[in-house]
Amino acid sequence: KSRAGMAIGRVIKNLRLLNFGAEFGGALTLWHFQIHQDRPRVLALDLRWYVERVLDDSFVYVHFVDDGDAIRFQGDYALQGETPDPLGFVYSRRVVVVPAEIPPGNYRVRLGVWSPGSAAHLQLTQVRGCRRDSADSWGNAVVLANVTV
C-alpha cells in the first residue's frame, strides 16, 4: 500500500464516519454494514472496513443476541488473509446459516473485534450511526441492526 493511497483512503474513511462507523483500536474501522435475508434462515452480511494496519491475530465477532442478552448464534470470522485494496479498504460478504435449533424471533446484531494474542477486545474508539452495546462485558462492541429470523 502506498502512503498516498492510504492518505486518500483515510480521508474517505473520515468522511464516511460523519454518518456511520465504528473504529476499533485506532486501526480498524467498520464504515458500512448491511444485512440481507435472501433465503429462510440464511443471513448475508456485507461489511466494509478501512484497515490502518493489518491485524492478523484478530477476529471479528458477530453475535446474534436475544432479548435476554444471550448469544443465540454467531457469525465470527478471522481477519487473517483479508487483503486491503490500495486505499486500505477491505470488502467482506459473510453468510450465516441460522442453526435449526434457534427459534424464530428477533435478534440484535452485535459486532466487535477480539485479539486472542492479547486476550482482549479491541477498544471501541469512535462510534457513529450505531450504538455502543450497553452490556458490561461487551462495552467495546456495537449494536448494528435487528434481524427477524
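The structure displayed is predicted, hence computed values, not measured ones.

Peer 1: Please clarify how the side chain of Thr 29 should be interpreted in this entry.
Peer 2: Take Thr 29: it is sitting in strand E2 (residues 28-39). The residues touching Thr 29, leaving out its near neighbours within four places in the chain, are Lys 13, Leu 17, Ala 22, Glu 23, Arg 48, Trp 49 and Tyr 50.

Peer 1: Whenever I open this one, empty space enclosed by the protein confuses me. Can you help?
Peer 2: A water-sized probe, rolled over the atoms, reveals where empty space remains. Per the counting criterion, the structure on display carries 1 cavity of 30 Å³ or more. Around the largest cavity sit Leu 28, Val 51, Arg 53, Val 54, Leu 55, Leu 79, Glu 82, Pro 84 and Val 90, which together line it. Of the residues contributing to the lining of the largest cavity, the split by class is 7 nonpolar, no polar and 2 charged.

Peer 1: Please clarify how the environment of Asp 85 should be interpreted in this entry.
Peer 2: For Asp 85, the location among the structural elements is in the loop between strand E6 (77-78) and strand E7 (89-97). Counting along the chain gives 80 residues from Asp 85 to Gly 5, while the straight-line C-alpha distance between them is 9.1 Å.

Peer 1: I keep staring at the pairing of E2 and nothing clicks. Help me out?
Peer 2: Within a regular strand, side chains alternate between the sheet's two faces. Pairing of strand E1 (residues 21-24) with E2, which is carried by 3 bridges, proceeds in the antiparallel orientation. Bridge pairing links Phe 24 to Leu 28 in E2. With antiparallel pairing between neighbouring strands as the criterion, E1 and E2 make up a hairpin whose turn holds 3 residues, including Gly 25 at a positive phi of roughly 60°. Here E2 pairs with strand E3 (residues 42-51) via 9 bridges, running antiparallel. Bridge pairing in E3 links Gln 34 to Asp 46. In this structure, the hairpin formed by E2 and E3 is closed by a connection of 2 residues, where Arg 41 is found at a positive phi of approximately 65°.

Criteria and thresholds
- Residues numbered from 1 in each chain as written.
- Predicted model: local features only at pLDDT ≥ 70, side-chain atom pairs only at ≥ 80, totals over all residues.
- Heavy atoms only, no water.
- Helix = DSSP H or I, 4+ residues; strand = E, 2+ residues; numbered from the N terminus.
- Contact = heavy atoms within 4.5 Å.
- 1 Å grid on protein atoms, 1.4 Å probe; cavity = no way out; pocket = protein on both sides within 12 Å on 5 of 7 lines; lining within 4 Å.
- Points joined across faces, edges and corners; volume = space filled by probe spheres on them.
- Nonpolar A, V, L, I, M, F, W, Y, C, P; charged D, E, K, R; others polar.
- Pairing = 2+ DSSP bridges.

These results come straight from atomic positions and should not be treated as a statement about function.
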